[in-house]
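Letter by letter, the chains look like this.
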Amino acid sequence: MREASLVIAVLVASSVAAYLIGTRRRGVRMRDVPAAVGFTLESLGLGVIFFAVNVGVGMAVGIASRALGVAFIPLYLIGDWTLPVLSLLQGLTFRRWLASR
Amino acid sequence: MIDALSRPAALSMRGLRLLGAAALLAFLAVAFTPLADTLAHRLVEPAPLGPADAIIVLGAGLGADGGLSDQSLGRFVYGVRLYRRGLAPVLVFTGGPAARGRPEAEVRAALARELGVPATDIIVVAAARTTREEALRVKDDLGARGVSRILLVTGGSHMERARALFRRAGFTVQAAPLTEAATSPEDRLDLMRRVLQEVVARAYYRLAGWL
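Residues numbered from 1 in each chain as written. Chains lettered and ligands numbered in written order. Predicted model: local features only at pLDDT ≥ 70, side-chain atom pairs only at ≥ 80, totals over all residues.

1. Some thoughts on the overall build of chain B
Assigned secondary structure in chain B consists of seven helices and five strands. For chain B, the N- to C-terminal ordering of α and β elements is α-α-β-α-β-α-β-α-β-α-β-α. Dimensions along the principal axes, computed over C-alpha positions, put chain B at roughly 75 × 35 × 35 Å. The 211 residues of chain B split such that 39% are buried. Relative to all contacts within chain B whose residues are 6 or more apart in sequence, the contacts with residues 24 or more apart total 66%. (Helix = DSSP H or I, 4+ residues; strand = E, 2+ residues; numbered from the N terminus. Buried ≥ 20, exposed ≤ 12 C-beta atoms within 10 Å, placed from the backbone. Contact = placed C-beta atoms within 7 Å.)

Below is the structure:
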């Protein structure tokens, strides 16, 4: 529980610092924070969708390559930590792109 | 932002927000509560261990340096401990071919010999790449030796699927699962990843008719 407390404390501290920098130096307003949170959640939602698609495609490719005798791809590779992180970046980029319409 | 979008688009954005919020809550619940531990323990049923004909230590992969991964090492140590307790006269190591270097099973066998396990008591099954192949290869190698009762060593979340496959191969299986406890957020996320991988693997094996 000590690790969790430390992580949460650090997040709170950096959020407060970002709030102070944003309001005092960058001129952004507190009332815009909910929209920013909404944007983040939308990006996260898109990241989840990208992740599901990536896992599905990865498994299909792995199973097909086994069935066709092309190569043996361990399906555990689909569980690699890089996949959710990169899926999240895909979601963030896609959401930003949608917002540019 | 939503106001600037058409109605269908706004609805889909609300859906995305809900999905994102659910994902965030799930992430926080896994990282900062004992949820992963609880789920992992539900996948294991501890049972007293008795004598068997062989101890089968399933593979868990090698590290980038060609040494045993943490999971592989944990299973290896547990298997050797069971052997030292005299629960079976034979120690079987599985673990398939590596991208470079020796297969996992051979790395384990060499380590066991260094630790004083007689070479005559070690059997290496190095050709299997999946849990199903491990069950079939072990059956091929041990069936002729009259081995029927086995102690199966693997991770707790992996045990149910592995035990079902070895039973199906004709063995009487005693499960010797490694406890998978997590004490930090990172450990909990990793444990949940393994639990989810196992859920997907079971679904795949059921669809394929192997379970």
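2. So, the overall build of chain A
Secondary structure assignment for chain A yields three helices and zero strands. Secondary structure of chain A in N-to-C order comes out as α-α-α. Taken against the 2.2 N^0.38 rule, which gives 13 Å for 101 residues, the C-alpha radius of gyration of chain A at 19 Å runs more than 25% over that of a compact globule. For the C-alpha atoms alone, the extent of chain A along its principal axes is close to 60 × 45 × 15 Å. Taking all 101 residues of chain A together, 13% fall into the buried category. (Rg over C-alpha atoms; globule rule 2.2 N^0.38 Å.)

3. A few points about the packing of helix α2 (residues 35-42) of chain B against helix α7 (residues 185-208) of chain B
Residues and elements named next belong to chain B. Interhelical geometry of α2 versus α7 gives an angle of 35 degrees and a closest axis separation of 9 Å. The handedness of the crossing between α2 and α7 comes out as left-handed. Facing A36, D37, L39 and A40 of α2, the residues of α7 in contact are R188, L191, M192 and V195. When its residues are assigned to classes, the contact of α2 with α7 shows six nonpolar, no polar and two charged. (Axes fitted to C-alpha atoms, helices over the stretch in contact; angles between N-to-C directions. Left-handed = near helix turned anticlockwise from the far one by under 90°. Nonpolar A, V, L, I, M, F, W, Y, C, P; charged D, E, K, R; others polar.)

4. A look at the interface of chain B and chain A
Listed by partner, the interface residues are 15 residues for chain B and 15 residues for chain A. Broken down by secondary-structure element, the contributors of at least two residues to the side of chain B that touches chain A are α1 (7-32) and α7 of chain B. Top element by residues in the side of chain B that touches chain A is α1 of chain B. It accounts for nine residues. Class assignment for the residues of the side of chain B that touches chain A results in nine nonpolar, three polar and three charged.

5. As for the environment of Q71 of chain B
All names here are of chain B. Following the sequence through the fold, Q71 ends up in helix α3 (residues 70-84). Along the sequence, Q71 and A60 sit eleven residues apart, while their C-alpha atoms lie 6.0 Å from each other. Contacts of Q71, omitting those with residues within four sequence positions, involve A60 and G155.

6. Describing the pairing of strand β1 (residues 54-57) of chain B
Residues and elements named next belong to chain B. Alternating positions in β1 separate into two faces, A54 and I56 on one and I55 and V57 on the other, with burial throughout. Sheet topology note: the β1/strand β4 (residues 149-155) ladder contains four bridges and is parallel. Across the sheet, residue I56 finds its bridge partner in β4, namely L152. Here β1 runs beside strand β2 (residues 91-94); their pairing, made up of three bridges, is parallel. Residue pairing in the sheet places V57 in a bridge with F93 of β2. (Pairing = 2+ DSSP bridges.)

7. Examining the packing of helix α5 (residues 131-143) of chain B against helix α6 (residues 159-168) of chain B
Residue and element names in this part refer to chain B. Between α5 and α6, the least distance of the axes is 9 Å, while the angle of their chain directions is 35 degrees. Taken as a pair, α5 and α6 cross one another with a handedness that is right-handed. Residues T131, R132 and A135 of α5 form the contact with α6, whose own contacting residues are R161, A162, L165 and F166. When the residues that make up the contact of α5 with α6 are grouped by side-chain class, the tally is four nonpolar, one polar and two charged.

8. Section: the pairing of β2 of chain B
Residues and elements named next belong to chain B. Neither face of β2 is left uncovered, since the one carrying L91 and F93 and the one carrying V92 and T94 both have all their residues buried. After leaving β1, the chain enters α3 and then returns to the sheet as β2, a path that is right-handed. Judged from the four bridges that link them, β2 and strand β3 (residues 122-125) form a sheet pairing that is parallel. Paired with V92 across the two strands is I123, which belongs to β3. Handedness of the crossover is the feature at issue here: the chain leaves β2, passes through helix α4 (residues 104-114), returns alongside β3, and the resulting connection is right-handed. (Right-handed = clockwise from strand over helix to strand, strands pointing away.)

9. Remarks on the environment of A128 of chain B
All names here are of chain B. Following the sequence through the fold, A128 ends up in the loop between β3 and α5. Sequence spacing of A128 and G146 is 18 residues, and the spatial spacing of their C-alpha atoms is 21 Å. Beyond its immediate stretch of four places on either side in the chain, A128 contacts T94, G96, E133, E134 and R137.

10. A closer look at the sheet that holds β3 of chain B
All names here are of chain B. Overall, parallel pairing links the five strands, which are arranged β3-β2-β1-β4-β5 in an open sheet. For this open sheet the edge positions go to β3 and β5 (172-178), each flanked by a neighbour on one side alone. Recorded for the sheet is a direction-independent mean angle of 20 degrees between the axes of neighbouring strands. Strands in contact with α5 are β1, β2 and β3; relative to β3, the strand with the most contacts, it is inclined by about 135 degrees.

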